[in-house]
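Below are the chains, spelled out letter by letter.
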Amino acid sequence: MKFIINKNELVSAISIVEKFVPSKTPMPTLAGIKFLATEDSLFLTATNLEMGIEYKIYGEDTGLLVKEKGNTVIESKILSNIIRRIDEDIIEFDCNENSANIKSSGFNMVLPCFNVMDFPEISKKNSLKTIKLKQGIFKDMIRKTIYARADEFSSRPQLTGVLVDCKDNILNMVALDGFRIAWSYVELDDLAEDFKVIVPGYTLLEISRIFKDEDESSFEFCYSAGSVEFATENFVITSRVLDGDFIDYKMIMNIEPKLVVKVDANKLRLAVEKAGIIARESSAGNLIKFNIAEGIIEVQAEAESGRISEKVACSTKGQEMLIAFNAGFFLDALKSISEPEIRLEFSDEAGPCIITPVENKHHKNFILPVRLKGEKL
């Protein structure tokens, strides 16, 4: 295999692909990046067996010229650290079964190669069902949900992932950890079959880092019972899916509110942020209270180090209420909302709060309260 390539293009590709290389592995080949040179393209592949990526470099702007087709696997860490420090714009690779000779002007480096036959294939696209989505929309759905998933130490591993649930041509994305639910959904342009998969949270985090904000470019979401793939013109990311079930999130979030509040999202967020600073110091936990009366939400927190109270104007409909929440959970939900005004629905002092942007019914948050002992209005 022989090719020349623009250094910046190669560095950009490696910086994306190397995130899928495991830091520790019993399989030495997985510590490397697979290079495959075809007639007019170069493919870089990495995997940790849980997820993997195949990244394609092609076109005149990349400076790619394939002199001899072939493939090999080169250790990732050394390659990445040295390539990005080369001064010259053009780099040449000359690889055989055992080694890669990498040179540029006066620079020359030889690295050992792994057996390419030991490197696993990552893509199963031809055997998967596919729907098309916009990158920017999908990334925004990840942002609005992923923070609510359970941590990696959860006794229910499926809750460390995010449910992608297609039903009646509506794509739902849902994350929950037992105390809160984040739900975002969009209507699909093309007709799609119903399906459910639970995608690992770390996979979606990598997707959100690679996809661009407000990008109108499409990608293919490919799914089966055991794996998912995210395919664009430049790359394919594949991942296993998680086993298990989610609760009926639609039923749980359908409450009969006794109190409905409409409030400026930014003003409430700032009040919760300030109260949260005090709440973190409390021996009672990261607790804030909402004392809600006609036209006012009073955000309160108390600790040994101080006490805070701030009134935020709002519109209210229903009974007055004193209710408490984990400050971090409530703030996470508020930070996920970009619309200016939100609607808060409360069933009672012991029931959940449903948070919905007034101008976007396709994004909902569910947060369970913290029970207050001996508190009365």
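Since we're looking at a predicted model, the values are computed, not measured. (Residues numbered from 1 in each chain as written. Predicted model: local features only at pLDDT ≥ 70, side-chain atom pairs only at ≥ 80, totals over all residues. Heavy atoms only, no water.)

A. The arrangement of the overall build of the protein chain in detail. Within the protein chain one finds seven helices and 25 strands. Counting only C-alpha atoms, the protein chain reaches 80 × 50 × 35 Å along its principal axes. Within the protein chain, the proportion of its 377 residues that are buried is 51%. Counting contacts in the protein chain only where the partners sit at least 6 residues apart, residues at least 24 apart contribute 68% of the total. Entry remark: accessible area of the protein chain is about 18,900 Å², with carbon and sulfur atoms responsible for 47%. (Helix = DSSP H or I, 4+ residues; strand = E, 2+ residues; numbered from the N terminus. Buried < 20%, exposed > 50% of the residue type's maximum accessible area, 1.4 Å probe, protein only. Contact = heavy atoms within 4.5 Å. Areas by Shrake-Rupley, 256 points an atom, 1.4 Å probe, with all protein chains shown as cover.)

B. Here's a closer look at unusual backbone geometry. Positive phi, close to 55 degrees, is recorded for Asp168, a residue that is not glycine. Along the chain, Asp168 turns up in the loop between β11 (161–167) and β12 (170–176). A positive phi angle, close to 65 degrees, is found at Asn169, a residue other than glycine.

C. The sheet that holds strand β22 (residues 321–326), seen in detail. Judged by pairing direction, the sheet is antiparallel, and its 12 strands sit side by side in the order β14-β11-β12-β13-β25-β24-β23-β18-β21-β20-β19-β22 without closing on themselves. Single-partner strands in this sheet number two, and they are β14 (195–200) and β22. In this sheet, adjacent strand axes meet at a mean angle of 25 degrees when their direction is disregarded. Bridge analysis of strand β20 (residues 296–303) against strand β21 (residues 306–318) gives eight bridges, and the strand direction is antiparallel. What sits directly across from Ala301, in β21, is Ile308. Packing of helix α3 (residues 135–143) onto the sheet brings it into contact with β12 and β13 (180–187), and relative to β12 it is tilted by some 30 degrees. Relative to the sheet, helix α6 (residues 265–279) contacts β18 (259–264), β19 (287–293), β20, β21 and β23 (341–346), its axis offset from that of β20 by approximately 15 degrees. (Pairing = 2+ DSSP bridges. Axes fitted to C-alpha atoms, helices over the stretch in contact; angles between N-to-C directions.)

D. Just the nonpolar core, in detail. Counting 102 residues, the largest nonpolar core has Phe138, Phe221 and Leu344 as its most contacted members. Of the residues forming this core, the biggest block, seven residues, is contributed by α6. The contact partners of Phe138, leaving out residues within four places of it in the chain, are Leu133, Leu171, Met173, Leu204, Ile207, Phe211, Phe219, Phe221 and Phe230. By size, the runner-up hydrophobic cluster in this structure holds 16 residues, among which are Trp183, Ile255, Ile354 and Phe366. (Core = buried A, V, L, I, M, F, W, Y, C linked by side-chain atoms within 4.5 Å.)

E. View of the environment of Asn266. By the secondary structure assignment, Asn266 is in helix α6. Once the C-alpha coordinates of Asn266 and Pro340 are considered, the two residues, 74 residues apart in sequence, prove to be 6.8 Å apart.

F. Quick peek at the side chain of Thr160. The topology assignment puts Thr160 in the loop between α3 and β11. When its relative accessible area of 8% is taken as the criterion, Thr160 is described as buried. There is a polar contact of 2.6 Å between the side chain of Thr160 and the backbone oxygen of Pro157. (Polar contact = N/O pair within 3.5 Å; in protein donor to acceptor, adjacent residues only side chain to side chain.)

G. Representation of the state of the cysteines in the model. One pass over the full model with this rule turns up zero disulfides. Counting only cysteine sulfurs, Cys222 is the nearest neighbor of Cys166, a cysteine outside any disulfide, at a range of 14 Å. Judged by relative accessible area, which is 0%, Cys222 ranks as buried. (Disulfide = S-S within 2.5 Å.)

H. Helix α4 (residues 201–210), seen in detail. Judged by how many residues are buried, α4 sits mostly within the fold: seven of 10 residues are covered. The complete set of buried residues in α4 reads Gly201, Thr203, Leu204, Glu206, Ile207, Ser208 and Ile210.

I. Quick peek at the environment of Ile170. Tracing the backbone shows Ile170 in strand β12. Note on Ile170: relative accessible area 25%, which makes it partly exposed. Along the sequence, Ile170 and Ile252 sit 82 residues apart, while their C-alpha atoms lie 19 Å from each other. In this structure Ile170 touches Asp165, Tyr185, Val186 and Glu187, once residues within four positions along its chain are discounted.

J. Fine view of the pairing of strand β25 (residues 363–367). Most of β25 sits inside the fold, with five of its five residues counted as buried. With burial as the criterion, each face of β25 is covered, one bearing His363, Asn365 and Ile367 and the other bearing Lys364 and Phe366. With five bridges connecting them, β13 and β25 associate as antiparallel partners. Bridge pairing in β25 places Trp183 opposite Lys364. As defined by bridge partners, strand β24 (residues 353–357) adjoins β25 across three bridges and the pair is classed as antiparallel. Directly across from Cys353, in β25, lies its bridge partner Ile367. The hairpin formed by β24 and β25 contains five residues between the paired strands.

K. Representation of the packing of aromatic side chains within the structure. Evaluated as defined, the whole model comprises 20 aromatic pairs. Ring plane angle 55 degrees and centroid distance 5.1 Å describe the contact between Phe325 and Phe330, whose orientation is recorded as tilted. Assessed through its relative accessible area of 0%, Phe325 is described here as buried. An aromatic cluster is present here, built from Phe138, Phe195, Phe211, Phe219, Phe221, Tyr223, Phe230 and Phe235 joined pairwise through their rings. The lysine or arginine in question, Lys56, covers the ring of Tyr58, its NZ or CZ lying 4.7 Å from the ring centre. (Phe/Tyr/Trp six-rings, centres within 6.5 Å; stacked < 30°, edge-to-face > 60°. Lys NZ or Arg CZ within 6 Å of the ring centre and 35° of its normal.)

Function cannot be read off these values alone, since they describe shape.
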